[in-house]
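Given next are the chains, with one letter for each unit.
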Amino acid sequence: MRPADVRDPGEDDTDATPPAHYGSLEAIEREAFALLSRGANDRRSACHTTVFVTSGLDGCPAARTVVLRGFAPEPPMISVHTDIRSGKIAELAENDRAAAVFYDPDSKVQIRASGACSIHHKDPVAQSVWDRLGVSARRTYLGAPPGDLSDQPTSGLPEFLETNAASLEQSERGFEHFAILGLHVRTLEWLYLCARGHRRARFSWAKNGGKRTATWLVP
Ligand SMILES: Cc1cc2nc3c(=O)[nH]c(=O)nc-3n(C[C@H](O)[C@H](O)[C@H](O)COP(=O)(O)O)c2cc1C
């Protein structure tokens, strides 16, 4: 039996006034975009990290946690920073489709986004973001390829960086490995948990930012 104070999300709010998005697809879209924008800009937001899913090279789904670095609403695009040598990049070269799932426990909202990915690497877009990264963020890109085998415990960093911060000049070497992954959202699903009845909706965008359609779904 569960302790009395352990409740599932949405279990205990029958009397609460439902939020504006309870009955409006337009309000849901606004709220979803607001959650994702906050996630990209506020490291305390639950949507600051997401589970990002690709198709593994063996055909199994491959999921990992990443930080949401950017969200643009029109047309919707989710941005993530990564290492060009990481497994997900090889997977996206085979199949550019990906999905990201977010859950915000404060608003009891799950967002599932899926679409096709594009990658910026050693181009002006990557360069302008890289130029604004601090030395500690750049450090991530100064080590050995992520996922490489090692016969001993390792951070992957060169020895001199194990105990020292990189200089700005040394950090520049990381640009070679830095990539920005853009998930161009074609489908966004919203699920709101509520004791009086959950709400689920789906938004779809035509290719290249074309018309969006929206519909309710049975939760
Ligand atoms: C909290 C957290 C945040 C992470 N953020 C990122 C990120 O923004 N980008 C990234 O490539 N990996 C990030 N990682 C590491 C990934 O989960 C994963 O281990 C790495 O990207 C290699 O995955 P891959 O081999 O499937 O490409 C993060 C891990 C954690 C636990």
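Caption draft 1: Fine view of the site of the ligand. Near the ligand you find R64, T65, V66, V67, H81, T82, S86, G87 and K88, and these make up its full shell. T65 is positioned such that a nitrogen or oxygen atom in its backbone is 2.7 Å from an oxygen atom of the ligand. Contact between the ligand and K88: an oxygen atom at 2.7 Å from a side-chain N or O atom of the residue. Compared with its free state, where it exposes 620 Å², the ligand has 56% of that area covered by protein. Secondary structure elements with two or more residues in the shell around the ligand: β2 (61–67), β4 (77–83) and α2 (87–94). The biggest single contributor to the shell around the ligand is β2, with four residues. A per-class count over the shell around the ligand returns two nonpolar, five polar and two charged.

Caption draft 2: Highlighting the environment of S128. Structurally, the position occupied by S128 is in helix α3 (residues 124–131). For the pair S128 and S171, spaced 43 residues apart in sequence, the C-alpha separation works out to 15 Å.

Caption draft 3: Just the nonpolar core, in detail. Counting residues in hydrophobic clusters, the biggest one holds 33 residues, and the most contacted among them are F52, I78, F102, I111, L183, L188 and W190. Breaking this core down by element, the ones donating at least two residues are α1 (25–41), β4, β5 (97–104), β6 (109–121), β7 (178–192) and β8 (199–205). At seven residues, the largest contribution of residues to this core is made by α1. Leaving out residues up to four positions away in the same chain, L188 has contacts with A32, F33, L36, I111, R112, A113, A201, R202, F203 and W205.

Caption draft 4: Spatial organisation of the layout of surface pockets. Put simply, the largest pocket is a space of about 490 Å³. Taken together, 25 residues make up the lining of the largest pocket; nearest its centre are D83, T140, Y141, A144 and P146. Elements supplying a minimum of two residues to the lining of the largest pocket: β2 and β4. A total of three residues in the lining of the largest pocket trace back to one element, the largest contributor, which is β4. Residue classes in the lining of the largest pocket are distributed as ten nonpolar, ten polar and five charged. Taken as a whole, the second largest pocket holds about 260 Å³ of empty space. Taken together, 13 residues line the second largest pocket, and the ones lying closest to its centre are A40, N41, L68, R69 and H81. Contributing elements (two or more residues each) for the lining of the second largest pocket: α1 and β4.

Caption draft 5: Layout of the pattern of salt bridges. The full count for this structure, using the stated rule, is nine salt bridges. Put simply, D96 and R97 hold a salt bridge, and the shortest N to O gap is 3.5 Å. Judged by relative accessible area, D96 falls into the partly exposed class, the value being 34%. Each of the salt bridges in this network shares a partner with another, and the network as a whole consists of R112, E189 and R200.

Caption draft 6: Structural detail: the pairing of β4. Within β4, six of the seven residues are buried, leaving the element largely enclosed by the surrounding structure. In this structure, the hairpin formed by strand β3 (residues 70–72) and β4 is closed by a connection of four residues. In this sheet, β7 lies alongside β4 in antiparallel orientation, the contact comprising seven bridges. If you follow I78 over to β7, its bridge partner there is L183.

Caption draft 7: Spotlight on the packing of aromatic side chains. Tallied over the full model, the rule gives eight aromatic pairs. Counting every residue linked through ring pairs, the aromatic cluster contains F33, F71, F203 and W205. The ring of Y22 carries R199 above its face, with NZ or CZ at 3.9 Å from the centroid.

Caption draft 8: Structural view of the environment of C60. On the secondary structure map, C60 appears in the loop between β1 (49–55) and β2. The class of C60 is partly exposed, set by a relative accessible area of 44%.

How each quantity is defined
Residues numbered from 1 in each chain as written. Predicted model: local features only at pLDDT ≥ 70, side-chain atom pairs only at ≥ 80, totals over all residues. Heavy atoms only, no water. Near = heavy atom within 4 Å. Polar contact = N/O pair within 3.5 Å; in protein donor to acceptor, adjacent residues only side chain to side chain. Areas by Shrake-Rupley, 256 points an atom, 1.4 Å probe, with all protein chains shown as cover. Helix = DSSP H or I, 4+ residues; strand = E, 2+ residues; numbered from the N terminus. Nonpolar A, V, L, I, M, F, W, Y, C, P; charged D, E, K, R; others polar. Core = buried A, V, L, I, M, F, W, Y, C linked by side-chain atoms within 4.5 Å. Buried < 20%, exposed > 50% of the residue type's maximum accessible area, 1.4 Å probe, protein only. Contact = heavy atoms within 4.5 Å. 1 Å grid on protein atoms, 1.4 Å probe; cavity = no way out; pocket = protein on both sides within 12 Å on 5 of 7 lines; lining within 4 Å. Points joined across faces, edges and corners; volume = space filled by probe spheres on them. Salt bridge = Lys/Arg side-chain N within 4 Å of Asp/Glu carboxyl O. Pairing = 2+ DSSP bridges. Phe/Tyr/Trp six-rings, centres within 6.5 Å; stacked < 30°, edge-to-face > 60°. Lys NZ or Arg CZ within 6 Å of the ring centre and 35° of its normal.

These results come straight from atomic positions and should not be treated as a statement about function.
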